[in-house]
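# Results of the structural survey
Each chain, written out:
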Amino acid sequence: MANQYDVVVIGSGPAGYHAAIRCAQLGFNTACIEKWLTKDDKTVYGGTCLNVGCIPSKALLDSSHKFLEAQAHFADHGIKTGKVSVDVPTMLKRKEKVVSQLTGGVAGLFKGNKVEGIAGTGKVVAKGKVEVTGHDGKTDTLEARHIIIAAGSVPIDIPPAPVDNETIVDSTGALEFTEVPKKLGIIGAGVIGLELGSVWARLGAEVTVLEALDDFLPAVDRQIAKEAMKIFTKQGLTIKLGSKVSGSKVSKGNKKSVTVEYTDSEGEQKAQFDKLIVCVGRKPATENVVDASVGVELDERGFIKVDDHCATNVEGIYAAGDAVRGPMLAHKGMEEGVMVAERLADKKTQVNYDLVPSVIYTHPEVAWVGKNEEELKEAGIDYNVGSFPFAVNGRALAANDTDGMIKLIADAKTDRILGCHIIGPSAADLLQQVVIAMEFSSSAEDLALTMFSHPALSEAVHESALALHGHAIHIANRKRRK
Ligand code: FAD
Ligand code: AMP
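Residues numbered from 1 in each chain as written. Chains lettered and ligands numbered in written order. Predicted model: local features only at pLDDT ≥ 70, side-chain atom pairs only at ≥ 80, totals over all residues. Heavy atoms only, no water.

### Looking at the packing of helix α3 (residues 54-73) against helix α4 (residues 88-113)
The test is simple: Axis definition: a line fit to C-alpha positions, over the contact stretch in the case of helices; interaxial angles, taken between N-to-C directions, run 0 to 180 degrees. Only DSSP runs of H or I covering at least 4 residues are called helices, and only runs of E covering at least 2 are called strands; the numbering of each starts at the N terminus. If an angle is under 35 degrees, it is roughly parallel; if it is over 145, roughly antiparallel; if it lies from 65 to 115, roughly perpendicular; otherwise it is oblique. Left-handed describes a crossing in which the near helix is turned anticlockwise from the far one by less than a right angle; the clockwise case is right-handed. Here, residues are in contact when the closest pair of their heavy atoms is within 4.5 Å. Amino acid classes used here: Ala, Val, Leu, Ile, Met, Phe, Trp, Tyr, Cys and Pro are nonpolar; Asp, Glu, Lys and Arg are charged; the rest, including Gly, are polar.
Between α3 and α4, the least distance of the axes is 9 Å, while the angle of their chain directions is 140°. Overall, the two elements α3 and α4 adopt an arrangement that is oblique. The crossing of α3 and α4 is right-handed. Residues Ile-55, Pro-56, Ala-59, Leu-60, Asp-62, Ser-63 and Ser-64 of α3 touch α4, and the partners they reach there are Met-91, Leu-92, Arg-94, Lys-95, Val-98, Val-99 and Leu-102. Residue composition of the contact of α3 with α4, by class: 9 nonpolar, 2 polar and 3 charged.

### Structural notes on the domain arrangement of the protein
The condition is simple: Residue ranges assigned to each domain were obtained from an automatic or database domain assignment. Reported buried area values correspond to the accessible surface (1.4 Å probe) lost by two parts on association, with both partners' losses combined. The salt bridge definition used is simple: a Lys or Arg side-chain nitrogen within 4 Å of an Asp or Glu carboxyl oxygen. Definition of a polar contact: a pair of N or O atoms within 3.5 Å, with one able to donate and the other able to accept a hydrogen when the atoms are protein atoms, and with sequence-neighbouring residues admitted only if both atoms are side-chain atoms.
Along its sequence, the protein is organised into domain 1 (3-155 + 283-354), domain 2 (168-280) and domain 3 (364-481). Summarising the inter-unit geometry, the C-alpha centres of domain 1 and domain 2 are found 28 Å apart. A combined buried area of about 1400 Å² lies between domain 1 and domain 2, and 67% of that area is made up of carbon and sulfur atoms. Contact with domain 2 buries surface across domain 1, with Val-52, Leu-61 and Val-88 losing the most and accounting together for 31% of the total. A salt bridge links Lys-39 to Glu-176; the shortest N-O distance between them is 3.4 Å. Counting across the domain 1 and domain 2 interface gives 5 residue pairs in polar contact (both at pLDDT 80 or more). Secondary-structure elements contributing two or more residues to the side of domain 1 that touches domain 2 are α3 and α4. When residues of the side of domain 1 that touches domain 2 are assigned to their parent elements, the largest contribution, 9 residues, is made by α3. Here the residues of the side of domain 1 that touches domain 2 sort into 12 nonpolar, 3 polar and 3 charged.

### So, the site of ligand 2
Inclusion rule: We call a residue near a molecule or strand as soon as one heavy atom of that residue lies within 4 Å of the molecule or strand. Note on areas: these come from Shrake-Rupley sampling with a 1.4 Å probe, and a residue is covered only by the protein chains present in the view.
Of all residues adjacent to ligand 2, which total 15 residues, the nearest are Gly-188, Glu-211, Ala-212, Val-245 and Cys-279. At 3.0 Å from a nitrogen atom of ligand 2 is found a main-chain nitrogen or oxygen belonging to Ala-212. For ligand 2, whose accessible area on its own is 510 Å², the fraction buried by protein is 72%. Tallied by class, the residues present in the shell around ligand 2 amount to 9 nonpolar, 4 polar and 2 charged.

### Structural notes on the site of ligand 1
Near ligand 1 you find 36 residues, and of these Glu-34, Thr-48, Lys-58, Gly-122 and Asp-322 are the closest. In this structure, a nitrogen atom belonging to ligand 1 sits 3.3 Å away from a main-chain N or O atom of Lys-35. Thr-48 has a polar side-chain atom sitting 2.6 Å from an oxygen atom of ligand 1. The fraction of the free accessible surface of ligand 1 (990 Å²) that becomes covered by protein chains is 95%. Elements with a contribution of two residues or more to the shell around ligand 1: α1 (14-25), β2 (30-34), α2 (47-52), α3, β4 (121-126) and α7 (330-344). Of the residues forming the shell around ligand 1, the biggest block, 4 residues, is contributed by α2. The residue makeup of the shell around ligand 1, split by class, is 16 nonpolar, 15 polar and 5 charged.

### Describing the sheet that holds strand β19 (residues 365-370)
Within a sheet, adjacent strands bond to each other through the backbone by hydrogen bonds, running parallel or antiparallel. Rule in force here: Pairing between strands is defined by DSSP: at least two bridges between the two strands are required.
Spatially, the 5 strands line up as an open sheet ordered β18-β19-β22-β21-β20, and their pairing is antiparallel. At either end of the open sheet lies a strand with only one pairing partner, and these are β18 (358-360) and β20 (383-389). Mean inter-strand twist for the sheet, computed between neighbouring axes without regard to direction, equals 10°. Where β19 meets strand β22 (residues 417-424), 6 bridges bridge the pair, whose relative direction is antiparallel. Residue pairing in the sheet places Ala-367 in a bridge with Ile-422 of β22. Against the sheet, helix α12 (residues 459-468) contacts β20 and β21 (405-411), and its axis sits at roughly 140° relative to β20.

### So, the side chain of Thr-286
The test is simple: Only protein chains enter the accessibility calculation, which uses a 1.4 Å probe; a residue whose area is less than 20% of its type maximum is buried, one above 50% is exposed, and one in between is partly exposed.
Within the secondary structure, Thr-286 is located in the loop between β16 (282-284) and β17 (317-319). Judged by its relative accessible area of 8%, Thr-286 falls in the buried class. Here Thr-286 is in contact with Leu-298, Gly-302, Ile-304 and Ala-323, once residues within four sequence places are set aside.

### Some details on the nonpolar core
The following threshold applies: Residues enter a nonpolar core if they are buried and are Ala, Val, Leu, Ile, Met, Phe, Trp, Tyr or Cys, with the set joined through side-chain atoms within 4.5 Å.
With 41 residues, the main nonpolar core has Phe-216, Ile-239, Ile-277 and Val-366 as its most contacted residues. If you list the elements that add at least two residues to this core, you get α3, α4, β9 (183-187), α5 (191-202), β10 (206-210), α6 (222-234) and β19. At 6 residues, the largest contribution of residues to this core is made by α6. Not counting chain neighbours up to four residues away, the residues in contact with Phe-216 comprise Ala-189, Leu-194, Arg-222, Ala-225, Ala-228, Met-229, Phe-232, Ile-239 and Leu-241.

### Overview of the environment of Leu-217
Mapped onto the elements of the fold, Leu-217 is located in the loop between β10 and α6. According to the relative accessible area criterion, Leu-217 is buried, its value standing at 8%. For Leu-217 and Ala-228, which are 11 residues apart along the polypeptide, the C-alpha to C-alpha distance reads 9.1 Å.

In structure tokens, the structure reads:
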């Protein structure tokens, strides 16, 4: 029967397309339903990550970084450029090209792996049954032995600043400004707010970030967060903590602006911006993806309830990615998608939720994994810390990229690495070395005894491991041990 599948996946973001491809590799007859349409009504795979998330934001971060380098830093290398200017439409076009190359890549991977891509909106209507509503409104019912829901997430709206997609935008709109706003306001100093703020600040916008919390980056190691605040402020971002937005008013007329009302420790304040980006978090896109009669349980925030292996409470129905608990990160969803597929093939695959790396792709990048000092103190675990600044790393100096540091934390008794916290150039890639070490239960000494090529930024990882035992070569050691 044409509409019968072993596996039907709803959503083709990182969680969904990884699940679908791995299922097909394992021999399951697999379909993946996707509702996303481009502005010219073409179905595209890849979800938030490829279309309006990780990839386009990094494309603009890279373009704006190059602009800033040319404008402010080439001269230090003895490179003369004359006046450097930005052509925003060309920058956006390049971003779109990168996006379509990757979304087209997923379509190619579906074809190559024999995953059937189905355009439309999927809804689980019964155990083993998914209804698809096509873009023409016609419905069809698919039968599946297993169903994987990977519906992802959407930006959260807040009543004080309703998105109008012109003056007040969400993260998607912030990837599409056709000119650099003179004064840009951002609500929320989270990962997305800081990345988008960096893009437009580098291109010349005067950026103010309003953050309700008194703490900056509360999930990040305090020392690293403090360093990040110092560096971002030096780069020109004005970050106002303890500033809760309570209202906004968009002016009428041709050249619109928005007046934002917020409350800080000194009382009620107002600020005027040409554009405002609302980046206050994301919520699971789980409304209408499962009919209530199926009995799949959701939590009070709309996340589909799953166990450690992404199984819902209903047999044969699984959920992964941003639609379920845990950090809303593409790589976390990818691993979950693969895990579900492999467990359907009776493999014992698990996701190590203790080792989900987090990255903020500012420059320098902020990256962390495992426990930070505050968490270890609270848990009463004795630990040692080894820190190393990029200011004395030869490769960082050669590149004129010396802001930041690495902190490695290990158990005081066993020396097992418990966490790593980095602010610095290529922090994401450096952190990954430690993630691998931690996955293999490495001690700090194991890292210290590993040979690192010279000159490389990763020598800072090595030196932080040496510093943890008081043996660092290129800094004075706080505690020297024999
Ligand atoms: P999504 O990527 O949201 O995909 C879900 C898909 O399901 C969508 O395509 C949607 O159209 C489809 N869908 C939903 N319901 C249905 C339905 N009923 N029928 C058919 N299709 C449906 N994460 C990182 O790890 N690193 C980053 O650098 C990073 N940067 C980001 C930058 C921005 C600006 C944003 C917004 C997010 C960023 N993220 C980043 C987060 C990352 O994009 C998400 O964690 C990731 O996309 C979640 O993957 P997913 O597969 O769960 O869901
Ligand atoms: P994240 O969850 O990492 O995307 O970050 C979103 C940030 O937005 C959080 O740090 C919130 O504290 C912040 N936030 C949420 N609502 C408001 C508000 N009304 N005014 C200012 N900041 C807010």
